[in-house]
Amino acid sequence: MSGSQSNTNGRSSHLGTALDERTVPAMGMSGPEFREAATSAIREIEQYYTDLPSRPVLPSVSPGYLRKLLPGEPPVRGEAWSDIEKDIERTIMPGITHWQSPKFMAFFAASSTYPGILGEMWSAALTAPAFNWICSPAVTELETVVLDWLAQILGLPEVFLSKGEGGGVIQGSASEAIVTVMVAARERYIRRQLEREGITDPDEVEDRSCELRGKLVALGSDQAHSSTKKAANIAGTRYRGITAQRSNQYAITGKDLRAKVEEIQSKGLHPYYLTVTIGTTNTCAVDDFASIAQVAKDYPDIWIHCDAAHAGAALVLPEYHQLSQQMTLVDSFDMNMHKWLLTNFDASCLYVQKRRDLTDALSITPAYLRNQFTDSGLVTDYRDWQIPLGRRFRALKIWFVIRTWGVQGLQQHIKHHLNLGGLFADLVRSRNDLFNILTPPQFALTVITVKPSRHTEPQLNGAGSGGDPRPYEEQHVPIKPNVDDKELQAGNEITKAVFTLIDERKEFFLTSTIVGGVYAIRVVAANPLAEEKYVRQVFDLLVSTTEEVLARHS
Ligand code: PLP
């Protein structure tokens with residue numbers, strides 16, 4: 001029987017009928033059922049993490065595998081949790097790449113920790129799209145507090161703290177942070193340009209703004225993450241890459257910046273935004289902030305954003321604070337706690353020197369979003385610091401993580417991974433008959449190439465390791481300007497063959513890349529379960545696979 005009845009006019013009426021015919025409890029299960037289900041889920045999750053090292057890190061399924069395991073139609077009647085739970089192991093696990101496995105050394109890490117998981121649980125329990133302060137004052141206020149804590153831990157300049165004109169905000173990802181600041185940069189550039197041109201008439205403002213937008217150019221190093229180019233597409237402006245020289249270890253310099261800006265301006269275009277990076281994706285290069293700062297003084301309208309998605313976590317160590325202090329150069333800075341700093345996805349921490357720059361570009365307040373607190377100007381409405389309206393309670397997991405580890409614990413965590421990276425690099429150096437290190441190992445990442453034949457001298461550029469007084473890594477930066485193409489191709493082929501074999505065997509998960517025409521293998525052990533024994537194992541695997549490939553080739 002339906003919960004409403006038709007009256008003589010054909011309109012349905014709710015009067016005099018039983019409204020609640022639901023067979024599933026309002027919350028999906030009763031409280032005691034939830035307690036039992038959650039206890040079981042937590043038991044299973046704990047077991048998953050315990051067994052993780054023995055699971056293959058990569059799945060062996062073929063595309064479309066899941067469709068074959070699941071019914072094509074949704075269930076008509078609700079199912080018992082015990083039946084749903086069973087399907088996690090049967091259907092989902094076979095298709096999982098285990099990012100938390102200590103054998104995962106690909107891309108950059110994506111941390112998960114128990115305090116992080118508890119933060120996610122509580123965030124789910126207190127679900128609210130907390131766009132305005134009044135949506136849940138604790139959501140906003142905790143975010144401000146923990147981001148101020150993090151800024152202090154990272155040694156960022158005071159201008160990024162909320163007590164002044166700046167502040168931090170949690171974004172979903174480093175890419176989202178870049179789109180957000182690029183829109184702010186675009187609007188700031190146009191506003192300043194209109195002021196310079198003295199344009200105030202609303203129609204003229206509109207026309208000239210559109211005209212200018214078509215001439216704006218976002219800049220990034222060719223080693224910057226692809227999210228900068230993507231953001232320029234989204235922001236509707238041009239993008240130009242600045243070539244980072246191999247001889248500068250793939251960092252861009254002030255000289256590179258000036259040359260590109262002058263080239264762009266000579267074409268009547270307007271550079272308005274630049275991404276600089278601490279820890280590029282390919283090789284963890286760090287751009288040359290000192291020289292960029294000198295040049296940037298001449299171009300104050302270019303918004304500079306520092307992308308420190310992975311490597312920003314290392315700034316918890318005081319020895320990196322000289323890098324943090326250089327961030328006075330940038331308008332905005334972003335690092336992902338969800339990469340290397342023990343916090344579950346997503347927790348990208350974006351800081352700006354002037355929060356007005358964000359709110360000027362992103363604040364729109366229709367009547368239904370107005371309230372006395374927003375109007376008072378005494379509260380932060382984080383919706384004005386981001387692209388979406390709603391936002392999750394992500395500060396909780398950051399709070400739990402920082403309190404569980406303390407500053408000291410965070411420092412030990414990063415130090416541990418830096419030591420693992422150092423160990424791996426030393427192991428590679430010990431076999432310089434087989435491997436080259438492409439750029440100096442940094443932030444737990446080592447990038448290697450395989451020599452085309454067992455050889456004690458580096459092959460890529462003819463610079464002999466024996467006679468070359470430079471550190472081992474630098475020997476692979478060409479002394480002679482012309483890299484011998486044949487040698488390069490041979491090195492690329494062999495490195496690719498080694499990588500492909502390791503990838504097919506799925507024992508460890510690594511990534512390959514191409515940097516300046518060189519095919520290379522990246523190894524980064526930086527998730528919370530990373531351990532020395534796995535670093536030694538992956539090295540042994542690289543050696544045995546290389547020997548196998550070399551034997552085949554010879
Ligand atoms: N920036 C750098 C340097 C990265 O390495 C990455 C991803 O690895 C990103 C940005 C993109 O990160 P996200 O997935 O948070 O957008």
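Described in the following lines is the structure provided in the data block.

Analysis parameters
Residues numbered from 1 in each chain as written. Predicted model: local features only at pLDDT ≥ 70, side-chain atom pairs only at ≥ 80, totals over all residues. Heavy atoms only, no water. Axes fitted to C-alpha atoms, helices over the stretch in contact; angles between N-to-C directions. Helix = DSSP H or I, 4+ residues; strand = E, 2+ residues; numbered from the N terminus. Contact = heavy atoms within 4.5 Å. Nonpolar A, V, L, I, M, F, W, Y, C, P; charged D, E, K, R; others polar. Expected span 1.5 Å × (residues − 1). Buried < 20%, exposed > 50% of the residue type's maximum accessible area, 1.4 Å probe, protein only. Arc of directions from axis to C-beta. Near = heavy atom within 4 Å. Polar contact = N/O pair within 3.5 Å; in protein donor to acceptor, adjacent residues only side chain to side chain. Areas by Shrake-Rupley, 256 points an atom, 1.4 Å probe, with all protein chains shown as cover. Pairing = 2+ DSSP bridges.

1. Some details on the packing of helix α9 (residues 254–265) against helix α10 (residues 289–296)
Consideration 1: Packing of α9 against α10 leaves a shortest axis separation of 7 Å and a crossing angle of 35°. Together, Gly254, Lys255, Leu257 and Arg258 of α9 and Ser291, Ile292 and Val295 of α10 make up the contact between the two elements.
Consideration 2: Here the residues of the contact of α9 with α10 sort into three nonpolar, two polar and two charged.

2. With respect to α9
Consideration 1: A rise of 1.5 Å per residue sets the reference length of α9, with its twelve residues, at 16 Å; its end C-alpha atoms lie 16 Å apart and thus fit the reference within 8%.
Consideration 2: By the burial criterion, the buried members of α9 are Gly254, Asp256, Leu257, Lys260, Val261 and Ile264. Considered in projection along α9, the buried side chains sweep an arc of 155° and stay on one side of the axis.
Consideration 3: Packed against the buried residues of α9 are β4 (216–221), β5 (238–242), β6 (270–277) and α10.

3. So, the site of the ligand
Consideration 1: Neighbouring the ligand are 13 residues, the closest being Ala174, Ser175, Thr281, Asp307 and Asn336.
Consideration 2: Here an oxygen atom of the ligand sits 3.4 Å away from a polar atom, N or O, in the side chain of Ser173.
Consideration 3: The contact in question runs from an oxygen atom of the ligand to an N or O atom on the side chain of Asn336, over 2.9 Å.
Consideration 4: When the free accessible area of the ligand is taken as 390 Å², the share hidden by the protein chains comes to 86%.
Consideration 5: For the shell around the ligand, a count of residues per class yields three nonpolar, eight polar and two charged.

4. Structural notes on the sheet that holds β6
Consideration 1: Pairing is mixed in the open sheet, where seven strands are placed in the order β3-β9-β8-β7-β6-β4-β5. The outermost strands of the open sheet, each flanked by one partner alone, are β3 (167–171) and β5. Recorded for the sheet is a direction-independent mean angle of 20° between the axes of neighbouring strands.
Consideration 2: Note that β4 and β6 share five bridges and pair parallel. Considered in β6, the bridge of Val217 is made with Pro271.
Consideration 3: Most of the contacts of α10 go to β6, to which it runs at about 165°, and overall it touches β6 and β7 (303–307).

5. Brief notes about unusual backbone geometry
Consideration 1: Going from Phe345 to Asp346, the amide bond is cis rather than trans, its omega being 5°.
Consideration 2: Within the secondary structure layout, Asp346 lies in the loop between α12 (337–340) and β9 (348–352).
Consideration 3: Even without glycine at this site, Gln249 takes up a positive phi of about 55°.
Consideration 4: Relative to the elements of secondary structure, Gln249 occurs in the loop between β5 and α9.
Consideration 5: Positive phi is not limited to glycine here, since Ala444 has a value of about 75°.
Consideration 6: Along the chain, Ala444 turns up in the loop between β10 (435–437) and β11 (445–450).

Remember, this is a structural readout, not a statement about activity or role.
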